[in-house]
Structures are given as C-alpha cells and as structure tokens.
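What follows is each chain in one-letter form.
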Amino acid sequence: MIRRAACFHRALLSSLHKVGPRYFTAPALTSAQSKNYRDCESTDIFDWDNLGFKLIQTDYMFMMRSSQDGNFEKGQLNHYGNIELSPSAGVLNYGQGLIEGTKAYRRDDGRIFLFRPQESAIRMQIGAERMCMLSPSAQQFVDAVKLTALANKRWIPPAGKGSLYIRPLLIGNGPILGIAPAPEYTFLVYACPVGNYLRNGTQPLTLYVEEEIHRASQGGAGGVKAITNYAPVMKAIKKAKERGYSDVLYLDSVNNKYIEEVSASNIFLVKGKIISTPVASGTILEGITRKSIIDIAHDLGYQVEERLVEAEELISADEVFCTGTALGVAPVGSITYKNKRIEYKVSSELISEQLNSRLAAIQKGIIEDKRDWIIEIK
C-alpha cells in the first residue's frame, strides 16, 4: 500500500538551473530541508515486487508555457494535479498534442540514470514541426526530465524492481475556433513508477495481424508521437485482447501486405544472422529502443536490414521480437495471420534475449557506455 508522506522540497520548486552534459545537481538545501527530503526518499513506500504498468500518482510535475515571442519561458515544478484548459484549446478541438516517454533507473549502488532523453527531445521537436506547434529546446526538454525525475526520486523503484516512467507532453492549450495552430503551448512532464508493461509479466507476446484497421497512412502523422495516433487503434486492440491476444500488428494502408508496427512498439524479424525491421518511412515511429537495438545488433556482428517486410515473411522467420520504451525488448511467441497461428521458439538463447541483455548491461553500468546514452542525475 502506498504510504503518502507530507513532503515539500522548496528548493526543487525554483526555476530550472543550468546543467552539465552528464549530470544534474540539485540546488543547495538547508540542513532541515535536506533531512525532510531524505525522509521522503524511502524506498519502502510501495510493494515493488507487485509493481505493474498502471498509473500511480507521484509528488511533482513540471510545467512550462510558451511566451508571446514564440519561445518557452522558465518552467517550474508543481505538485502533481489537474491542469486548467479552455474549452476551445487547440488540443481539445483539433488534437494538437504530442507525447514522449523515457525512463529513470536506479542502479545497485543507488545512483539514478536516464536513458537517451536527448533523443526524445529531438523526436518531440520533429513532431512539433509536423504538427505546427512550438516546442521547447532540446536542453529545456532534458533539463525538465531531469528535474522531474529528481523531484520524484522516492518513487524510483530499487534496482531490478522497475523504473520511473517519465511522460513529457506538449499540448496546444491556447484557444482557437477555426482550424489553425493554437496561439499558446504548454510543455508538461509527469512521472510514474512502473514494472513490466505486460500483464502476464515475462510471457512472450501473442500478436494478431489486423487487415482492416490501419494505424497510419502515407502523408499522415504516423511517424511522430502525435496523440491522435493512438485513439484510432483502440478498437483493434480491444478486439484482439477480447480474443486473447497481447497486441495488434498493423499492415501498410496502401498494399495491405507489408508489416509496419505494433500498437505502441516496433517489430523485428530474425532469419539466420539477419535481423530485419520495417523501414521508418513516415508511417512508422522511429523508436529510441529500436535505434538502440539496431546499434547493439551491429556491435554483436549481426546484419540489420531496414526495409519493406512482407507479412508472408512472418511464416518463415526464426524469431520475432518487439521493442519500445515501455515494453523494452519482448519476444513474440506467436502471430495469427489470415486465421493461421504461427508459433516461434522461445528460449534464453534467442537473439532478442542477447540484445536485451546487452542493453540492460549498458543501462546498469556493467558494460561501458561508449555512445553517451546514459545520463546520471544527482
């Protein structure tokens, strides 16, 4: 059971401070403030062994608004809570909004790290350009993520028990009547402790190939994390889960024969020593875990092909796996295509397991991080 503590960290409610490229240091605290903050960092506030992927309210969220000159003003931490929106806000009327996702991890020695938040910042900027939105700079984005993680430090699970999922949002909060970009924007970051994304824990995914509902189309916004990408696939997800499947694999909307991605993750096929994944050509989100796994696969000597992948190739694949920030790297146990169930081997010797182990070792500091993917906050 969650044990709420009355915790108010005044120093963290100040505006953003300049940070270095590899670490973040909180403002100096008085001895009394330090004591109160340490009391709020206890890791026994939750039953971490039974932590799933559901919303748990944490202590603080970060908010920053755009100014009249088109830039974002200094933001600040607020207590987690509701926000006020005009009924005519662009996000409510025309779906002008973007989401991101990253995680903070606690290592065995207690230190806290983020994984590639700068990539999320860049992806939000790309999405904002596509959606005609103002966006924070990459530095503002990363600083806000660091500050939010630090403010909610007591909610970061112990090493090996989960992570702190951090959700940045960019929304058009300004009022608008006609179809046009909102006049004002809000950048908001909140966080939530999470365990395994899947309800069945470490069980392999069971996917269903959807042939009628499409996730994205050429020229649309499928390649960015627009909020409008997710509601349209809920019907397909609901139908698949009612039939016992974990998730849905979507086909391209033009030929209806090339696989694209799962509802919230990218997909890979393995055949021999060749790993193939659908090319991100505007309808597929370029996942950060996807990019990381491709780099790791190259390091381990595998050939990786980013190309059009026909659904028929699922039948002869040796192995299939999915990647995503929330999901991690998850093996696929079966895929149902044209009412035929294709089974895949699942063992500790899978290539996906090897890739996942290498990724986890980098995040834990067991293997040297040669690409500056990991950022420590303290």
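Look a little higher up for the structure.
Right, let's walk through the structure included here. These numbers come from a predicted model, not from an experiment.

## A word on the packing of aromatic side chains
The description of an aromatic ring pair uses the distance of the two centres, along with the angle that the planes make with each other. Inspection of every chain in the model, using the stated rule, returns 7 aromatic pairs. Note on Phe53 and Tyr165: the rings are 5.7 Å apart at their centroids and 70° apart in plane angle, and the pair reads as edge-to-face. Of this pair, Phe53 sits in the loop between helix H1 (31–39) and strand S1 (60–65) while Tyr165 sits in strand S6 (residues 163–171), placing them 112 residues apart in sequence. Look at Phe53 and you get partly exposed, because its relative accessible area is 33%. Classification of Tyr165 by relative accessible area gives buried; the value is 11%. Consider the rings of Tyr80 and Tyr190, whose centres lie 6.2 Å apart with planes at 80°: the pair is edge-to-face. With Tyr80 in the loop between strand S2 (76–79) and helix H2 (90–94) and Tyr190 in strand S7 (residues 186–194), this pair connects stretches of sequence that are 110 residues apart. These aromatic residues form a ring-pair network of at least three members: Phe62, Phe141 and Phe187. One residue, Arg107, lies across the ring of Phe113, its end atom 3.5 Å from the ring centre.

## As for the nonpolar core
Ranked by size, the top nonpolar core spans 43 residues in total, and within it Phe62, Leu98, Ala104, Leu164, Ile166, Leu170 and Phe187 carry the most contacts. If you list the elements that add at least two residues to this core, you get S1, strand S5 (112–115), helix H3 (117–130), helix H4 (138–151), S6 and S7. With 7 residues, H4 is the single largest residue contributor to this core. With residues near it in sequence (within four places) discarded, Ala104 still touches Ile112, Phe113, Leu114, Ala149, Ile156, Ser163, Leu164 and Ile166. If you look at the next biggest cluster of nonpolar residues, it comprises 23 residues, including Val309, Ala330, Val332 and Ile342.

## A word on H4
With 14 residues, H4 ought to run about 20 Å at 1.5 Å a step, and its terminal C-alpha atoms sit 20 Å apart, in line with that. When you tally the buried positions in H4, you get 11 out of 14 residues, the bulk of the element. Residues of H4 that are buried: Phe141, Val142, Asp143, Ala144, Val145, Lys146, Leu147, Thr148, Ala149, Leu150 and Ala151.

## Some words on unusual backbone geometry
Non-glycine residue Asn256 carries a positive phi angle of around 60°. Counting through the fold element by element, Asn256 comes out in the loop between strand S9 (247–251) and strand S10 (259–262). Residue class for Asn256 comes out partly exposed when judged on its relative accessible area of 26%. Despite not being glycine, Lys338 shows a phi value in the positive range, around 55°. Take Lys338: it is sitting in the loop between strand S15 (328–337) and strand S16 (340–343). Classification of Lys338 as partly exposed rests on a relative accessible area of 45%.

## Focus on the packing of H3 against H4
Orientation of H3 relative to H4, taken along the N-to-C sense of each, is 130°, at an axis distance of 9 Å. The pairing of H3 with H4 is recorded here as oblique in orientation. For H3 against H4, the interelement crossing comes out right-handed. Residues Pro117, Gln118, Ser120, Ala121, Met124 and Gln125 of H3 pack against Ala138, Phe141 and Val142 of H4. Split into classes, the residues belonging to the contact of H3 with H4 amount to 6 nonpolar, 3 polar and no charged.

## Let's talk about the environment of Ile351
Mapped onto the elements of the fold, Ile351 is located in helix H7 (residues 351–364). We classify Ile351 as buried; its relative accessible area is 11%. Between the C-alpha atoms of Ile351 and Val320, which are 31 residues apart in sequence, the distance is 9.4 Å. Excluding residues within four positions of it along the chain, Ile351 makes contact with Val270, Gly272, Ile275, Tyr302 and Glu319.

## Section: the packing of helix H6 (residues 288–299) against H7
The interhelical angle for the contact between H6 and H7, taken along N-to-C directions, is 105°, at an axis separation of 10 Å. Here H6 is positioned roughly perpendicular relative to H7, judged by the angle of their axes. Note on element contacts: H7 touches H6 through Leu355, Arg358, Leu359 and Ile362, opposite Thr289, Ser292, Ile293, Ile296 and Ala297.

## Examining the environment of Lys364
Position of Lys364 relative to the elements: it lies in helix H7. Each C-alpha atom, one on Lys364 and one on Asp108, is 8.1 Å from the other, the two residues being 256 residues apart in sequence.

## Focus: the pattern of salt bridges
Taken as a whole, this structure holds 17 salt bridges when the rule is applied. Residue Arg111 is joined to Asp109 by a salt bridge in which the shortest nitrogen-to-oxygen separation is 2.9 Å. Residue class for Asp109 comes out exposed when judged on its relative accessible area of 52%. Residues joined in a network through salt bridges with shared partners are Asp109, Arg111 and Glu376.

Thresholds, definitions, all that
- Residues numbered from 1 in each chain as written.
- Predicted model: local features only at pLDDT ≥ 70, side-chain atom pairs only at ≥ 80, totals over all residues.
- Heavy atoms only, no water.
- Phe/Tyr/Trp six-rings, centres within 6.5 Å; stacked < 30°, edge-to-face > 60°.
- Helix = DSSP H or I, 4+ residues; strand = E, 2+ residues; numbered from the N terminus.
- Buried < 20%, exposed > 50% of the residue type's maximum accessible area, 1.4 Å probe, protein only.
- Lys NZ or Arg CZ within 6 Å of the ring centre and 35° of its normal.
- Core = buried A, V, L, I, M, F, W, Y, C linked by side-chain atoms within 4.5 Å.
- Contact = heavy atoms within 4.5 Å.
- Expected span 1.5 Å × (residues − 1).
- Axes fitted to C-alpha atoms, helices over the stretch in contact; angles between N-to-C directions.
- Parallel < 35°, antiparallel > 145°, perpendicular 65-115°, else oblique.
- Left-handed = near helix turned anticlockwise from the far one by under 90°.
- Nonpolar A, V, L, I, M, F, W, Y, C, P; charged D, E, K, R; others polar.
- Salt bridge = Lys/Arg side-chain N within 4 Å of Asp/Glu carboxyl O.

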